[in-house]
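Coordinate analysis (summary)
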Amino acid sequence: MSQSTAPQIVRGACPHDCPDTCALLVTVAGGVVTRVAGDPDHPTTRGTLCTKVARYPERLYHPDRLTVPLRRVGAKGEGRFEPISWDEALDAVAARLSAIAARDPQRILPYSYAGTMGFVQGEGMASRFFHRLGASLLERTICSSAGMAGLSHTLGGSVGMDVERFADSRLILIWGSNSITSNLHFWSLAQQARRNGARLIAIDPYRSDTAQKCDAHVALRPGTDAALALGMMNVLIERGLLDDDYIARYTFGFGALRERAATYPSHRVAAICGISEQEVIDLALAYGTTKPAAIRLNYGLARTRGAANAVRAIVSLPALVGAWRDPAGGALLSVSSNFPVDKTLTRADLLPDWPMQPRSVNMSAIGDALLAADPPVEALVVYNSNPVAVAPDSERVIRGFAREDLFTVVLEHFLTDTADYADIVLPATMQPEHFDLHKTYGHLYLVANEPAVSPAGEARPNSAIFRDLAARMGFDDPALRASDEEIAAAAIDWSDPRLGGATLADVRRNGWLRLAIAAAPFAEGGFPTASGRCEFVSERLAAEGLDPLPDYLEPYESAAANPELARRYPLSFISPPARHFLNSTFVNVASLAEREREPECVIHPADAAARGIAEGAMVRAFNDRGSFVARARVGDRIRPGVVLGWGVWWHKLSPRGRNVNAVTGQALTDLGGGPTFYDCLVEVELAGNGAR
Ligand SMILES: Nc1nc2c(c(=O)[nH]1)N[C@H]1C(S)=C(S)[C@@H](COP(=O)(O)OP(=O)(O)OC[C@H]3O[C@@H](n4cnc5c(=O)[nH]c(N)nc54)[C@H](O)[C@@H]3O)O[C@H]1N2
Ligand SMILES: Nc1nc2c(c(=O)[nH]1)N[C@H]1C(S)=C(S)[C@@H](COP(=O)(O)OP(=O)(O)OC[C@H]3O[C@@H](n4cnc5c(=O)[nH]c(N)nc54)[C@H](O)[C@@H]3O)O[C@H]1N2
Ligand code: SF4
Ligand SMILES: [Mo]
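Let me sum up the structure you'll find in this document. (Residues numbered from 1 in each chain as written. Chains lettered and ligands numbered in written order. Predicted model: local features only at pLDDT ≥ 70, side-chain atom pairs only at ≥ 80, totals over all residues. Heavy atoms only, no water.)

1. Considerations on the overall build of the chain
Under the convention used in this document: Secondary structure elements are taken from DSSP: a helix is a run of H or I of four residues or more, a strand is a run of E of two residues or more, and numbering for both begins at the N terminus. As defined in this context, the radius of gyration uses C-alpha atoms, and a globule is described by 2.2 Å times the residue total to the power 0.38. Type-normalised accessible area, obtained with a 1.4 Å probe on protein chains alone, sets the label of each residue: buried when under 20%, exposed when over 50%, and partly exposed for intermediate values. The contact rule is simple, with two residues in contact once any of their heavy atoms fall within 4.5 Å. Charge counting follows a simple rule: Lys and Arg are positive, Asp and Glu are negative, and His as well as the terminal groups are ignored. For charged residues, the charge sits on one atom: NZ in Lys, CZ in Arg, CG in Asp, CD in Glu.
The number of helices and strands found in the chain is 24 helices and 27 strands. Rg of the C-alpha trace for the chain: 25 Å, near the compact-globule value of 26 Å for 692 residues, within the 12% margin. Based on the C-alpha atoms only, the size of the chain along its principal axes is roughly 70 × 65 × 55 Å. By residue count, 64% of the 692 residues in the chain fall in the buried class. A sequence separation of at least 24 residues applies to 77% of the contacts in the chain between residues at least 6 apart. Averaging the coordinates of the 69 positive side-chain charges in the chain and doing the same for the 78 negative ones gives two points 3 Å apart.

2. A look at helix 5 (residues 145-154)
Counted residue by residue, helix 5 has nine buried out of ten residues, so it is predominantly covered. Buried within helix 5 are the following residues: Ser145, Ala146, Gly147, Ala149, Gly150, Leu151, Ser152, His153 and Thr154. Taken together, the buried residues of helix 5 touch helix 14 (307-321), strand 21 (534-535) and helix 21 (539-543). Just past helix 5, the residue glycine 156 takes up positive phi, approximately 100 degrees.

3. Describing empty space enclosed by the protein
Condition: Cavities and pockets were defined on a 1 Å grid built over protein atoms only: a cavity is a set of grid points that admits a 1.4 Å probe from which the probe cannot escape, a pocket is an open set flanked by protein on both sides within 12 Å along at least five of seven lines, and lining residues are those with an atom within 4 Å of any such point. Grid points are joined across faces, edges and corners, and a volume is the space filled by probe spheres set on the points.
All chains considered together, the criterion is met by seven cavities of 30 Å³ or more. Space inside the second largest cavity adds up to approximately 120 Å³. Lining the second largest cavity are 16 residues; nearest its centre among them are Cys18, Asp20, Cys22, Cys50 and His185. Elements with a contribution of two residues or more to the lining of the second largest cavity: helix 1 (51-54), helix 6 (179-182) and helix 7 (184-195).

4. Considerations on helix 17 (residues 394-401)
The test is simple: What the arc covers is the set of directions going from the helix axis to the C-beta atoms.
Within helix 17, the full set of buried residues consists of Ser394, Val397, Ile398, Gly400 and Phe401. The buried residues of helix 17 occupy an angular sector of 160 degrees when projected down its axis, which confines them to one face. Packed against the buried residues of helix 17 are helix 15 (366-372), strand 15 (379-383), helix 16 (387-390) and strand 16 (407-412).

5. Things to note about the site of ligand 2
Heads up, the condition is: The cutoff for a nearby residue is simple: one of its non-hydrogen atoms must lie within 4 Å of the molecule or strand. By the criterion applied in these results, polar contacts are pairs of N or O atoms within 3.5 Å in which, for protein atoms, one can donate a hydrogen and the other can accept it, and in which residues neighboring in sequence qualify only through two side-chain atoms. Only the protein chains shown count as cover for residues, with accessible areas throughout obtained via the Shrake-Rupley method and a probe of 1.4 Å.
Looking at ligand 2, there are 31 residues lining it, with Asn386, Glu412, Ser584, Thr585 and Tyr678 nearest. Between an oxygen atom of ligand 2 and a side-chain N or O atom of histidine 413, the distance comes to 3.4 Å. Contacts to ligand 2 include asparagine 661, whose side-chain N or O atom sits 2.8 Å from a nitrogen atom. For ligand 2, whose accessible area on its own is 920 Å², the fraction buried by protein is 96%.

6. What about the site of ligand 3?
Defined as follows: Placement in a cavity or pocket follows one criterion, namely that more than half of the molecule's atoms lie within 2 Å of its grid points.
With respect to spatial proximity, the complete set of residues near ligand 3 consists of Cys14, Cys18, Asp20, Thr21, Cys22, Leu49, Cys50, Lys52, Val53, His185 and Leu582. When each cavity is represented as a set of grid points, ligand 3 is found to reside in the second largest cavity.

7. Quick notes on the packing of helix 3 (residues 86-103) against helix 18 (residues 462-472)
To be explicit about the condition: To define axes, lines are fitted to C-alpha atoms, for helices over the stretch in contact only, and angles between the resulting N-to-C directions are given on a 0 to 180 degree scale. Handedness of a crossing follows from how the near helix is turned relative to the far one, being left-handed for an anticlockwise turn of less than a right angle and right-handed for a clockwise one. Only Asp, Glu, Lys and Arg are considered charged in this grouping, and only Ala, Val, Leu, Ile, Met, Phe, Trp, Tyr, Cys and Pro are considered nonpolar; every other residue, Gly among them, is considered polar.
For the pair helix 3 and helix 18, the least separation of the axes is 10 Å and the interaxial angle reads 65 degrees. Crossing angle aside, the handedness with which helix 3 passes helix 18 is right-handed. Taken together, the residues of helix 18 that come into contact with helix 3 (itself represented by Trp86, Asp87, Leu90, Asp91, Val93 and Ala94) are Ile465, Asp468, Leu469 and Arg472. Its residues placed into classes, the contact of helix 3 with helix 18 shows six nonpolar, no polar and four charged.

8. Considering the nonpolar core
To keep it simple, the criterion reads: The nonpolar core is taken to be a set of buried Ala, Val, Leu, Ile, Met, Phe, Trp, Tyr and Cys residues, with the residues joined through side-chain atoms within 4.5 Å.
Residues Phe129, Trp175, Leu228, Tyr287, Leu297 and Phe466 are the most contacted members of the largest nonpolar core, which totals 206 residues. Per-element accounting of this core gives the leading share, ten residues, to helix 14. Here leucine 297 is in contact with Trp175, Val311, Ile314, Val315, Ala331, Leu332 and Leu333, once residues within four sequence places are set aside. One finds Ile603, Ala608, Ala617 and Ala630 within the second-largest nonpolar core, a separate group that totals 18 residues.

9. Description of the layout of surface pockets
Reported here for the largest pocket is a volume of approximately 1500 Å³. Forming the walls of the largest pocket are 44 residues, and the residues nearest its centre are Glu123, Arg140, Met148, Val341 and Lys439. Only helix 4 (120-133), strand 7 (137-139) and helix 5 provide two or more residues apiece to the lining of the largest pocket. Tallied by class, residues from the lining of the largest pocket come to 20 nonpolar, 16 polar and eight charged. The space that makes up the second largest pocket amounts to roughly 360 Å³.

10. Some remarks on the pattern of salt bridges
Worth spelling out the cut-off: The term salt bridge refers to a pairing of a side-chain nitrogen on Lys or Arg with a carboxyl oxygen on Asp or Glu at a separation within 4 Å.
In total, this model carries 45 salt bridges according to the counting rule given. Glutamate 164 is paired through a salt bridge with arginine 514; the nearest N and O atoms lie 3.9 Å apart. Residue glutamate 164 is found in the loop between helix 5 and strand 8 (171-175), and its partner arginine 514 is found in strand 20 (residues 512-514); the two are separated by 350 residues along the sequence. Overall, the relative accessible area of 21% leaves glutamate 164 in the partly exposed class. The partner of arginine 579 in a salt bridge is aspartate 209, with the nearest N and O atoms 3.7 Å apart. Residue arginine 579 is found in the loop between strand 22 (571-574) and helix 23 (590-596), and its partner aspartate 209 is found in helix 8 (residues 209-213); the two are separated by 370 residues along the sequence. Residues joined by salt bridges that share partners form a network here, namely Arg103, Asp104, Arg107 and Glu378.

11. What about the side chain of glutamate 598?
In this structure, glutamate 598 sits in the loop between helix 23 and strand 23 (600-603). Setting aside its immediate chain neighbours within four residues, glutamate 598 contacts Arg631, Arg633 and Trp649.

12. Examining the state of the cysteines
The test is simple: Cysteine sulfur atoms that come within 2.5 Å of each other are treated as a disulfide pair.
Across all of its chains, the model carries zero disulfides by this definition. Of all cysteine sulfurs, the one in cysteine 601 lies closest to cysteine 680, which takes part in no disulfide; the gap is 11 Å.

13. A closer look at the packing of aromatic side chains
The criterion, for reference: The aromatic pairing rule takes the rings of Phe, Tyr and Trp, using the six-membered ring of Trp, and pairs them if the centres are within 6.5 Å, calling planes under 30 degrees apart stacked, those over 60 edge-to-face and the rest tilted. Think of it as a cone above the ring: NZ of Lys or CZ of Arg counts as a charge over the ring if it is within 6 Å of the ring centre and within 35 degrees of the ring normal.
What the rule picks out here adds up to 20 aromatic pairs. Their ring planes at 85 degrees and their centres at 5.2 Å tell us that tryptophan 324 and phenylalanine 522 sit as a pair that is edge-to-face. Here tryptophan 324 is found in the loop between helix 14 and strand 13 (330-332), whereas its partner phenylalanine 522 is found in the loop between strand 20 and strand 21, with 198 residues between them in sequence. Exposure remark for tryptophan 324: the relative accessible area of 1% places this residue in the buried category. Overall, the relative accessible area of 4% leaves phenylalanine 522 in the buried class. Through a chain of ring-to-ring contacts, the aromatic side chains of Phe129, Phe130, Tyr383, Phe466 and Phe475 assemble into a single cluster. Positioned above the aromatic ring of phenylalanine 622, the side-chain terminus of arginine 620 is 4.5 Å from the ring centre.

14. A short note on the sheet that holds strand 18 (residues 436-438)
Stated precisely, the cut-off is as follows: Two strands pair under a simple rule: DSSP has to find at least two bridges between them.
Here three strands make up an open sheet; going across it, the order is 18-19-20 and the pairing antiparallel. Edge strands, defined here as strands with exactly one partner in the open sheet, are strand 18 and strand 20. Neighbour to neighbour, the strand axes of the sheet diverge by 15 degrees on average, direction disregarded. Of the strand pairs in this sheet, strand 18 and strand 19 (residues 445-449) are connected by three bridges, and their pairing is antiparallel. Its bridge partner being in strand 19, aspartate 436 is matched across the sheet by asparagine 449.

All quantities given are derived from atomic positions and should not be read as evidence of function.
This is the structure in structure tokens:
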């Protein structure tokens, strides 16, 4: 840590839930962070950061930063607190958790996600603490679990192309991803490919900033991606555009897949997806005749009922055309399984009844869990997440958090929507104030983060807070006293050949370390599935009595699946990430909020005209679950019949105190228990008086 006044550069890692996991250079002068920049030497960061993190000092030195522990003095949700000492705060939490644990520790629930993706300030120490306590387990499904289930049943895990190789692709399908917003460094590589003559095609119901800059755009109906992929297969098969040798050697179940694909002729696919037959055929022909062809799919297509099936269908395509033979061919959703994470990091063996597991609670349905779980959740410890703002079905979530008999602890940087419901708020350090080690899901480097400055006020790292709580509760296992460096060292199996003999010290010295992964990992099969092949047919799914092949599943909320609902709420609603926020992080940073202006709803001119809505009017989107108010942006970048609202504003910074999740539902995806944020029907009307 720097004490001197001459500027110093400290190496860091971007902690946010973003596939790019940038390597940072943090400039410190006089004990203050003056600049956060991208490491020019890191091969994917290449010296640039997104606008959000380039403005990190504004977040770090924000006047609203939490610097002391707080105890609630107002009603839940009101946001009135008084400062207390760390001793008072930790004693209060330890006493309440101990009392509940003495009766039934499963009545305690941790709630966390990827506010930081680091091993140390993420689950490293926290999971050891909750395991030792015997708390309910949390199913961390809110983002990627459906997509990862799709990858796992077809490719065998979260594996795929090396993002750096996209620069050499000749055709790139950008599928369910607004890369300029959510995957900026991939976008630079795609631009490089384009300068070398590659074609870029976006597949997205909205003409996003990314789709706008691609060579072609297929604007399908939300949640119909599996049908499009199966239709592409059908065309590839009919036109003989397959790599028969690759299929014979390295795949499993082609005969059955061919029969399934035959049920998706182009005219049927066109009707399901709401596009033309020619679009289906053109896309398939481009894909089948251009080599190498690469697919960058993202979670935007995995937020409806058929999410995992869609991912299964899409990641089956590269094997059919033999795209994996080339380093610049294949598909990429997440590559997190490439990192040899040491399974003992989280110390599940500390569970009181190990190997028996406590009950588990799905975070994507936290509203229902808080209102109806049996036995009830009596204490909730939230860290690295803002569920009141980001979880679906806000009215139910808020009712759950407002329960008077629920004891809620929130570890945070700011008084978020969630912190407002806390009994005790504990101030946590930010990335330049603590040590961590990061893996990623978007590239192949471990990245280390060194502390650059002292914590703000009395803020403490999550790891230290859980260590202190463990000590106060009398947990004396050495695993609960491990230092941050010891946790980071325990996070990775350093003997794995992918580390090439490197140690934590090596990663820290250089700031980052590339895994030794072959350039074209599946050129000759070798998928991490049971069969070692790309599994079009999954015997694991068959054994569970499920469809072993990918198929199209109609969204829960659509005219075809629920005509009665669609009569009342005829518009499909999607709420993808805003460019200048990261989920609900940065929403309170003034310069970034200014760029996003205010909560906005994009609606097609035909849908707007039918409702008397003019550009700039305040509108109310609603369904049986709830409603929110936003400024209408009328334009044809969105498909007719679809409305888009940018996520995820804080409720308390939104008109009438509600954001997009007031209308989203708690139904889960086909596999993986994921949320279905974009499987949602609404009606939209003028907001009328009092909208603000
Ligand atoms: N700036 C910024 N970056 C982020 C985030 C953020 O909030 N802001 N969030 C981060 C996180 S947590 C994640 S998980 C990632 C991933 O983020 P994603 O959820 O993949 O989000 P985007 O890449 O913005 O792209 C989603 C795109 O999918 C489109 N879409 C919606 N429904 C469908 C559908 O059914 N089919 C298809 N084909 N497209 C659909 C949307 O219109 C949108 O353009 O981004 C990360 N990066
Ligand atoms: N409608 C709709 N809802 C969505 C989505 C959508 O597309 N549409 N996207 C979904 C997706 S993909 C995701 S991943 C989830 C994400 O939801 P969350 O995981 O809740 O992510 P954030 O909203 O970024 O909130 C993270 C919080 O963690 C805090 N934090 C960060 N670092 C630390 C730390 O070191 N210590 C502590 N104690 N706190 C820290 C931040 O201050 C922030 O308030 O949201 C989901 N919600
Ligand atoms: S949010 Fe993503 S693009 Fe921005 S600095 Fe972090 S890792 Fe890089
Ligand atoms: Mo996410």
